[in-house]
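For reference, the chains in residue letters:
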Amino acid sequence: MKKFLVVFTVFISVSLTAFANSQEEALKFFNNYVNAANTYSTTIPDFYSPSARIIRQVVKPDGTLVDRETTTARYISEMKKGQAVAKVRKYKNYYSDIKVTKINDNTYKISSLRQPTGETYKLKAYMVVQKQPDGRWLIIEEMMQTKVQLFLNAK
């Protein structure tokens with residue numbers, strides 16, 4: 001019985017440590033992404049899986065929500081075009097209420113509130129990140145709310 005308790009305690013300790021390490025890795029990946037985005041890094045495409053699900057949830061003036069999805073390739077193309085303007089305007093996003101939730105052994109959902117530069121409001125955002133077999137973390141799904149109505153015309 002004593003051996004069982006020792007083995008069980010070791011198993012629980014190792015399991016909790018592995019969870020904490022993976023959760024911390026996912027959060028570190030998120031913080032690296034935020035830093036890269038806010039410094040207009042050319043490495044932003046490297047954070048995304050080529051087949052990531054990209055969702056922009058448009059918050060209409062009446063408060064209703066409309067989801068618009070796009071491909072990773074199109075999102076990155078548009079982002080690259082807008083990056084120069086963002087840099088000139090010193091546009092950044094600030095994140096608060098960051099929560100990391102385990103989905104499975106290698107996948108975590110990071111939820112937050114996003115506040116764009118110069119705005120007083122905060123918008124919901126989340127990304128699902130996954131640790132790849134080679135050890136890299138990638139965004140496999142991203143949702144950000146926006147008040148930019150141009151996304152309603154996107155296909």
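The residue count restarts for each chain, going from 1 along the sequence in the order it is written. With pLDDT at 70 or above as the cut-off, local features in this predicted model cover only qualifying residues; side-chain atom pairs require 80 or more to be listed or tallied, and sums for whole chains, interfaces and linings still use all residues. The side-chain numbers reported here are obtained from all heavy atoms of the structure, hydrogens and water having been left aside.

1. Comments concerning the sheet that holds strand β1 (residues 48-59)
Each strand in a sheet pairs with another by means of backbone hydrogen bonds, the pair being arranged parallel or else antiparallel.
Link 1 in the chain: A sheet is described by the order of its strands in space; here 6 strands give the open sequence β2-β1-β6-β5-β4-β3, paired in mixed fashion. Strands at the two margins of the open sheet, each flanked by one partner only, are β2 (65-70) and β3 (93-104). For this sheet the average axis-to-axis angle between neighbouring strands, irrespective of direction, equals 20°.
Link 2 in the chain: For two strands to pair, DSSP has to find at least two bridges joining them. Counting from the N terminus, the helices are DSSP H or I runs at least four residues long and the strands are E runs at least two residues long. As defined by bridge partners, strand β4 (residues 107-116) adjoins strand β5 (residues 123-131) across 8 bridges and the pair is classed as antiparallel. The residue bridging L113 from the neighbouring strand is K124, located in β5.
Link 3 in the chain: Across the sheet, helix α2 (residues 72-89) lies against β1, β2 and β6 (137-146), angled at about 70° from β1, the strand it touches most. Orientation is described by lines fitted to C-alpha atoms, with helices fitted over the stretch in contact, and by angles between N-to-C directions that extend from 0 to 180 degrees. In what follows, residue pairs with any heavy atoms lying within 4.5 Å of each other are defined as contacts.

2. Points about α2
Link 1 in the chain: The span you would expect from a helix comes to 1.5 Å times its residue count less one. Counted at 1.5 Å a residue, the expected span for α2 with its 18 residues is 26 Å, and the 25 Å between its end C-alpha atoms agrees.
Link 2 in the chain: To get the bend at any residue, fit one axis to the seven residues that end at it and another to the seven that begin at it, then take the angle between the two axes. If you look at α2, its biggest bend is around 35°, right at G82.
Link 3 in the chain: Working definition: with a 1.4 Å probe on protein chains only, accessible area under 20% of the residue-type maximum means buried, over 50% means exposed, and in between means partly exposed. Within the span of α2, buried status applies to T72, Y75, I76, M79, Q83 and A86.
Link 4 in the chain: Downstream of α2 by a residue or two, K90 has a phi angle that is positive, lying close to 55°.

3. Digging into the pattern of salt bridges
Link 1 in the chain: The salt bridge definition used is simple: a Lys or Arg side-chain nitrogen within 4 Å of an Asp or Glu carboxyl oxygen. Per the counting criterion, the structure on display carries 7 salt bridges.
Link 2 in the chain: The shortest N-O distance in the salt bridge between K81 and E78 comes to 3.5 Å. Taken together, the positions of K81 and E78, both in helix α2 and 3 residues apart, correspond to about one turn of that helix.
Link 3 in the chain: The exposure class assigned to E78 is partly exposed, which follows from its relative accessible area of 41%.
Link 4 in the chain: Salt bridges sharing common partners tie together R53, E69 and E141.

4. Some points on the pairing of β4
Link 1 in the chain: Sheet topology note: the β3/β4 ladder contains 9 bridges and is antiparallel. If you follow T101 over to β4, its bridge partner there is K109.
Link 2 in the chain: Between β3 and the antiparallel strand that follows it, β4, lie 2 residues.
Link 3 in the chain: Counting the residues between successive antiparallel strands, the hairpin from β4 to β5 contains 6 residues, one of them, G118, with a positive phi of roughly 80°.

5. Details of the environment of M144
Link 1 in the chain: You can see M144 is positioned in strand β6.
Link 2 in the chain: Measuring from C-alpha to C-alpha, the distance between M144 and A125 comes to 4.3 Å, with 19 residues separating the pair along the chain.
Link 3 in the chain: Those residues in contact with M144, other than ones at most four positions away along the chain, are Y33, I55, R56, Q57, Y95, R114, K124 and A125.

6. So, the environment of D97
Link 1 in the chain: Positionally, D97 belongs in strand β3.
Link 2 in the chain: A C-alpha to C-alpha distance of 7.7 Å links D97 and S111, two positions 14 residues apart in sequence.
Link 3 in the chain: Ignoring anything within four residues of it in the chain, the contact list for D97 reads S111, S112 and L113.

It is worth stressing that arrangement in space is one thing and function is another; only the former is reported here.
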